[in-house]
Number of protein chains: 2
Amino acid sequence: MPEGHQRSGRVTLLDVAQAAGVSRATASLVIRKSPLVANETRRKVEEVMDRLGYVYNMGAASMRAARSNTVGVIVPNLTNPFFAEMLAGIEQALDDAGMIVVLANNRESAANQKTILQRMRERGVDGVIVCPARDVRTSLLSKADEWQLPLVQVLRHISENKGDYAGTDYAGGMRQAVEHLVSLGHRSIAFATGGPVHSAYRERLAGFLSAMADHALDPEIRIEVPLGPFGSPASAESLLHHSARPSAVICFNDIMAAGLANGMTDLGVRVGQDFSIVGFDDLAEAELVRPRLTSIATFPGEIGANAARLLLSRLQTPGRADQRIVSLTRLVVRQSTGAAAPGD
Amino acid sequence: MPEGHQRSGRVTLLDVAQAAGVSRATASLVIRKSPLVANETRRKVEEVMDRLGYVYNMGAASMRAARSNTVGVIVPNLTNPFFAEMLAGIEQALDDAGMIVVLANNRESAANQKTILQRMRERGVDGVIVCPARDVRTSLLSKADEWQLPLVQVLRHISENKGDYAGTDYAGGMRQAVEHLVSLGHRSIAFATGGPVHSAYRERLAGFLSAMADHALDPEIRIEVPLGPFGSPASAESLLHHSARPSAVICFNDIMAAGLANGMTDLGVRVGQDFSIVGFDDLAEAELVRPRLTSIATFPGEIGANAARLLLSRLQTPGRADQRIVSLTRLVVRQSTGAAAPGD
DNA sequence: TCTTGTTATTGGATCGATCTAATTCGAATC
DNA sequence: GATTCGAATTAGATCGATCCAATAACAAGA
């Protein structure tokens, strides 16, 4: 065992300083890469730190210094691949900045989110990136202000005009979907939803309605589809027998689209020829299913990275004005959409 | 603004104590739910904490107390749904125990993993759950010992006989797959792999080889398939034209199986009739693709929860013997497997 | 020689909690 | 009445870093 530490086995800055023949203060300066310390001294101290296996104690440091280089990330769901991709984007960007992620799952509940935020504050996180649970109210933003806790909203926002936000242009994406179908000759287009109601939902719906209105189409064909790969057969049937006889459907996300497509196929409908389906998000699944899904790509990894950048810039310049980064979607045409039958 | 805090805006335990007319020490006992404090005093202090909006400072606490109630989790990949499910299982179990997760992604690199572990130790995590990057060596376990850092391996292990480990019976799963195919009359069975080589890979291969040997079958049909939904057409073709004329294939995971199935279908082969395919993991995708995938279920969420339980028990009883929790797999028969043609 | 200035280093106070050992205060026992 | 005991509380030291103001060392300029 190496020299000179007294009891607990933990090597402290004092041990390093003594072994290097300098004071605690100087050793501290070396760690923080201060330019005040002479090169020769720096080299010597670093050599000793390495030899003794010194580990910085962030807890002790954050008592006096403001920063902990730790960021809290709160998502409503971890198993949804969309959030997993976004999380990966956040983690990557923060890791590159030398920060580390404290993760928690609010499970779509404001109550959970409250205790999570508490635990994160106890750990002294420098800031948080939150995709708010559906029942979180606007007061969260003023609370964060009061706590002096930098907070970035991602994917969903609880206020139209306050706070940093990184998301995607859901409305624009829906417009792309509608216009794609219209250009293929479809006039009777359904919108399939399901799952929690939040800003990301409302924006998609608004985009759909507005695009439909611009083409003077009836936007009243809606259908509720349970999320997940099961249960869609019934939905497919009810969609086919809808009184408005839709020839195409735009889905809330790819999972739902894949489920509906399977339901249709099982009913003998040729998806992409007899009926068109557009997904949303363009996850890996879109390429995996047959027929391949036409989908609106939203680049979740990019959104996550944007959120991380927003938080980092906020930490650097606490006083800067609020920003929203909205990334644009892209239509990816595959096999699940085709020209409408001439009769339609 | 509430009363009695001096400068930084942060409410400290001292503020609480003064406002409640007790000493710091007593207030501290209240937080830690010590039975030493009188009920009346406890009530009073809690009321004040609530009123002043007191937030516990874990960093300060962990300087004297041993615990930080924080656990590090290291995975090699976040976008793979399998790991996402496992992470969700870990997070859930730890959250229930009042702990919080510090997350990082080693991106299949030992070098990344090293800096991550460093950062986690700096934060004073109570322990770590690691799915080691493929090039991590056994010395990690002795390092962790030296650091007195409880470490649980999950999904992959870097030592056969040392350390806590939670995983699944990959070999048994492969045996289930082989026996399912054999019972359907298949004699010429291929094994499709790709991606990094690690213990989870080796165990699957060993299970395949041993089960094949038990049925006196030739286990030499192997094929490398690039991971991901693309690039499988070529693999499907080379599999069909393999000199041994396989009638079935067992895949390393569901993603690969879905890709191969699509490749086969595109070549006009009827999967489930002309050719059988077995996946591994039984992700949601298995139900989503057509034909639905026969797969070996591995329950990643359960594995994650087991890993969390191992760590919690290790924290409670540091001296206990090492444990390995191996959960069993389950064969889920769907449409991608069928009886072999009589000629085979 | 004496000041001035620059560069490098340092001791001591401090952050907010916990730990230890000591103290208070009644009630029970001798 | 003195002593013992247990329950409840507390002062003061402590954890490992950072901040601050002071200082040492040495070169340059008056």
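Structure shown above.
Every value quoted in this text rests on a predicted model; they were computed, and no experiment measured them. (Residues numbered from 1 in each chain as written. Chains lettered and ligands numbered in written order. Predicted model: local features only at pLDDT ≥ 70, side-chain atom pairs only at ≥ 80, totals over all residues. Heavy atoms only, no water.)

### Notes on the packing of helix α5 (residues 81-96) of chain A against helix α13 (residues 300-316) of chain A
All names here are of chain A. Here is the rule we go by: Axis definition: a line fitted to C-alpha atoms, over the contacting stretch in the case of helices. Angles run 0 to 180 degrees between N-to-C directions. In this text, helices come from DSSP runs of H or I with a minimum length of four residues, and strands from runs of E with a minimum of two, each type numbered from the N-terminal end. Here the word oblique covers every angle except those under 35 degrees (roughly parallel), over 145 (roughly antiparallel) and from 65 to 115 (roughly perpendicular). The crossing is said to be left-handed when, going from far helix to near helix, the turn is anticlockwise and less than a right angle, and right-handed when the turn is clockwise. In what follows, residue pairs with any heavy atoms lying within 4.5 Å of each other are defined as contacts. Residue type decides the class: Asp, Glu, Lys and Arg count as charged, Ala, Val, Leu, Ile, Met, Phe, Trp, Tyr, Cys and Pro as nonpolar, and the leftover types, Gly among them, as polar.
Across the interface, α5 lies against α13 with an axial gap of 7 Å and an inter-helix angle of 40°. Between α5 and α13, the crossing angle belongs to the class labelled oblique. Handedness of the crossing formed by α5 with α13: right-handed. Every residue of α13 that contacts α5 at F82, E85, M86, G89, I90, A93 and L94 is listed here: P300, G301, G304, A305, A308 and L312. Here the residues of the contact of α5 with α13 are counted per class, giving 9 nonpolar, 3 polar and 1 charged.

### A few points about the sheet that holds strand β2 (residues 100-105) of chain A
Stated precisely, the cut-off is as follows: Any two strands between which DSSP finds at least two bridges are classified as paired.
Spatially, β11(A)-β5(A)-β4(A)-β3(A)-β1(A)-β2(A)-β2(B)-β1(B)-β3(B)-β4(B)-β5(B)-β11(B) is the arrangement adopted by the 12 strands of the open sheet, whose pairing is mixed. Unpaired on one side and paired on the other, β11 (324-327) of chain A together with β11 (324-327) of chain B mark the two borders of the sheet. Neighbour to neighbour, the strand axes of the sheet diverge by 20° on average, direction disregarded. The pairing of β2 of chain A with strand β2 (residues 100-105) of chain B spans 3 bridges and is classified as antiparallel. Bridge pairing in β2 of chain B links L103 of chain A to V101 of chain B. Along the sheet, helix α6 (residues 110-122) of chain A contacts β1 (70-75), β2 and β3 (127-130) of chain A together with β2 of chain B; its crossing angle with β1 of chain A, the most-contacted strand, is approximately 175°.

### Section: the packing of aromatic side chains
Two aromatic rings, taken as a pair, are described by how far apart their centres are and by the angle between their planes. To keep it simple, the criterion reads: Side-chain rings of Phe, Tyr and Trp (the six-membered ring for Trp) are treated as a pair once their centres are within 6.5 Å; stacked means planes under 30 degrees apart, edge-to-face means over 60, and tilted covers the remaining angles. The rule is simple: take the accessible area with a 1.4 Å probe, protein chains only, and divide by the maximum for that residue type; under 20% is buried, over 50% is exposed, in between is partly exposed. Only Lys NZ and Arg CZ are tested; either one counts as a charge over a ring when it is within 6 Å of the ring centre and within 35 degrees of the ring normal.
Within the structure shown, the criterion is met by 8 aromatic pairs over all chains. Seen from their ring centres, F82 of chain A and F83 of chain A are 5.8 Å apart, and the 85° between their planes marks the pair as edge-to-face. Comparing F82 of chain A with F83 of chain A, the two get one shared label, buried. Centre to centre, the rings of Y201 of chain B and F252 of chain B are 6.2 Å apart; their planes meet at 40°, and the pair counts as tilted. You can see Y201 of chain B sitting in helix α9 (residues 199-214) and its partner F252 of chain B sitting in the loop between β8 (248-251) and α11 (254-266), a full 51 residues away along the chain. One residue, R121 of chain A, lies across the ring of W147 of chain A, its end atom 3.9 Å from the ring centre.

### Some details on the interface of chain B and chain A
Let me state the cut-off plainly: Two parts lose some accessible area (1.4 Å probe) when they are put together, and adding that loss for both gives the buried area. The salt bridge definition used is simple: a Lys or Arg side-chain nitrogen within 4 Å of an Asp or Glu carboxyl oxygen.
The partner chain A presents 50 residues to the 50 residues of chain B that form the contact. Taken together, the two surfaces of chain B and chain A that pack against each other cover about 4,500 Å², and 57% of this comes from carbon and sulfur. If you look at where chain B meets chain A, you find 10 salt bridges. Between D266 of chain B and R292 of chain A there is a salt bridge whose closest N-O contact spans 3.8 Å. If you tally residues by element for the side of chain B that touches chain A, the top one is helix α5 (residues 81-96) of chain B, at 7 residues.

Function-wise, these values are silent; they only describe arrangement.
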